[in-house]
Amino acid sequence: MNRLLTLPTWQIFVFFLLPSFFPDSLRGVLIAVWQIIALVWLFYFATSLYEKLPQGHDLNIKTFHYNFVFVVLSLVANLIFFDGALVIDQDNYKIYGWWLAIILPWSFYLMYCFFVFIPCFLAKSIATIEQHEVVSFDAYSKDMFLLFFFPVGVWFIHPRVQKIFSSTSSVS
C-alpha cells in the first residue's frame, strides 16, 4: 500500500481528474467506484502520515477516524435516502419538515469535516513531519489552502509526500 503514496505526481493528478472524463451513461457507477478508491487513499494517506509523526505531536488519530467515518456514512446516507442529491431551497424546504433540524446541522458538520478538519489534519501532519516539531497554523496554512484546490494542489504537496514516504525509517 505504501506504493500508493509514492506514485509519480502526474499519476495521482490524472487519477483525481478521471471523473470529469467519464461518459454520462456510466458516470454514476464509475464515480461511486472512484469515490471509494479516493476515500481509501485519503484514509491510508492520513494514517500513514500519523505513523510518521514525531513524539509530542498534538494530532489525534481517533478524532480523524471519527470525522472520516462521519463523512463516509454521510455520503452513503445521501446516496440511499436522497439519491445522491440533497437539495434544500426556498421552494422545497417545507417538504423536509422537522427533519431540517437534523439535516442542516448534519450538513454543516459534514462540510466542516470534509473541507476543514481533514485538509487541516493532512497539512499539519506533513508540516510536523518535515519540521520534526509541533507547528503553528502559519506553518501549514499554505498546504491546507492547496488541499482545498485538490487535485491542483497535488502538484505542490505530493512531491513532499513522496519524500516523506521514500525513506523507510519512521521519525518517531
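A few points on the structure. (Residues numbered from 1 in each chain as written. Predicted model: local features only at pLDDT ≥ 70, side-chain atom pairs only at ≥ 80, totals over all residues. Heavy atoms only, no water.)

## As for the pattern of salt bridges
Filter applied, for reference: By convention in these notes, a salt bridge is any Lys or Arg side-chain nitrogen within 4 Å of a carboxyl oxygen on Asp or Glu. Under the DSSP-based scheme used, a helix requires at least four consecutive residues in state H or I and a strand at least two consecutive residues in state E, with every element numbered from the N terminus. Only protein chains enter the accessibility calculation, which uses a 1.4 Å probe; a residue whose area is less than 20% of its type maximum is buried, one above 50% is exposed, and one in between is partly exposed.
Throughout the structure, instances matching the rule amount to 3 salt bridges. Glu130 is the partner of Arg160 in a salt bridge, and the nearest nitrogen-oxygen pair spans 2.8 Å. Residue Arg160 is located in helix H8 (residues 154-166), and its partner Glu130 is located in helix H6 (residues 100-131); the two are separated by 30 residues in the primary sequence. Residue Arg160 is classed as partly exposed on the basis of its relative accessible area of 24%. Among the charged side chains, a network of salt bridges with common partners joins Glu130, Asp143 and Arg160.

## Side note on the packing of aromatic side chains
The description of an aromatic ring pair uses the distance of the two centres, along with the angle that the planes make with each other. Stated precisely, the cut-off is as follows: Geometry of aromatic contacts follows a simple scheme: Phe, Tyr and Trp rings, the Trp one being its six-membered ring, pair when their centres are within 6.5 Å, and the pair is stacked under 30 degrees between planes, edge-to-face over 60, tilted otherwise.
Tallied over the full model, the rule gives 14 aromatic pairs. Each ring, one from Phe114 and one from Phe115, has its centre 5.2 Å from the other, and the planes form 85°; the classification is edge-to-face. By relative accessible area, which is 46% here, Phe115 ends up partly exposed. Connected via pairs of aromatic rings, a cluster forms that spans Phe43, Phe64, Tyr66, Phe68, Phe70, Trp106, Tyr109, Tyr112, Phe117 and Phe121.

## Thoughts on helix H7 (residues 137-148)
Which entries qualify depends on this criterion: Helix span, as expected, comes to 1.5 Å for every residue beyond the first. By definition, the arc is the one covered by directions from the helix axis to the C-beta atoms. Working rule for contacts: check all heavy atoms of both residues, and any pair within 4.5 Å makes them a contact.
For H7, which comprises 12 residues, the first-to-last C-alpha distance of 15 Å matches the rise-based estimate of 16 Å (1.5 Å per residue) to within 8%. Every buried residue of H7 is listed here: Tyr140, Asp143, Met144, Leu146 and Leu147. Taken end-on, H7 shows its buried residues confined to a sector of 155°, consistent with a single buried face. Opposite its buried face, H7 presents the exposed residues Asp138, Lys142 and Phe145, each directed more than 90 degrees away. In this structure, the buried residues of H7 make contact with H6 and H8.

## Considerations on the packing of H6 against H7
Let me state the cut-off plainly: Interaxial angle, 0 to 180 degrees, is taken between N-to-C directions of lines fitted to C-alpha atoms, where a helix line uses only the stretch in contact. These descriptions rest on fixed angle ranges, namely under 35 degrees for roughly parallel, over 145 for roughly antiparallel, 65 to 115 for roughly perpendicular, and the rest for oblique. Note on convention: near helix rotated counterclockwise from far helix by under a right angle means a left-handed crossing. Clockwise means right-handed.
For the pair H6 and H7, the least separation of the axes is 8 Å and the interaxial angle reads 135°. Comparing their axes, H7 and H6 come out oblique. For H6 against H7, the interelement crossing comes out right-handed. Counting all contacts with H6, which are made through Phe115, Val116, Pro119, Cys120, Leu122, Ala123, Lys124, Ile126, Ala127 and Gln131, the residues of H7 involved are Ala139, Tyr140, Asp143, Met144, Leu147 and Phe148.

## Concerning the nonpolar core
In plain terms, the rule: We define a nonpolar core as any set of buried Ala, Val, Leu, Ile, Met, Phe, Trp, Tyr and Cys residues linked to one another through side-chain atoms lying within 4.5 Å.
Within the largest apolar cluster, 39 residues are counted, with the highest numbers of intra-cluster contacts made by Phe45, Leu49, Phe64, Ile118 and Leu122. Counting residues per element, the ones that place at least two in this core are helix H2 (9-17), helix H3 (27-52), helix H4 (61-82), H6, H7 and H8. When neighbours within four sequence positions are excluded, Phe64 is seen to be in contact with Phe43, Ala46, Phe117, Ile118 and Phe121.

## Focus on the side chain of Asn67
Counting through the fold element by element, Asn67 comes out in helix H4. The exposure class assigned to Asn67 is buried, which follows from its relative accessible area of 2%.

## Looking at H2
Note on helix geometry: an α-helix contains 3.6 residues per turn, so any two residues three or four positions apart are oriented the same way. Among the residues making up H2, those that are buried are Thr9, Ile12, Phe13 and Phe16. One side of H2 holds all its buried residues, which, seen down the axis, span an arc of 100°.

## As for the environment of Leu147
Along the polypeptide, Leu147 turns up in helix H7. Assessed through its relative accessible area of 14%, Leu147 is described here as buried. Considering only alpha carbons, one finds Leu147 and Ile118, 29 residues apart in sequence, at a separation of 9.4 Å. Aside from chain neighbours lying at most four places away, what touches Leu147 is Pro119, Leu122, Ala123 and Ile157.

## As for the environment of Ser20
In this fold, Ser20 is placed in the loop between H2 and H3. Taking the C-alpha atoms as reference points, Ser20 and Ile31, 11 residues apart in sequence, are found 9.3 Å from one another.

Don't take any of this as a statement about function, it's just geometry.
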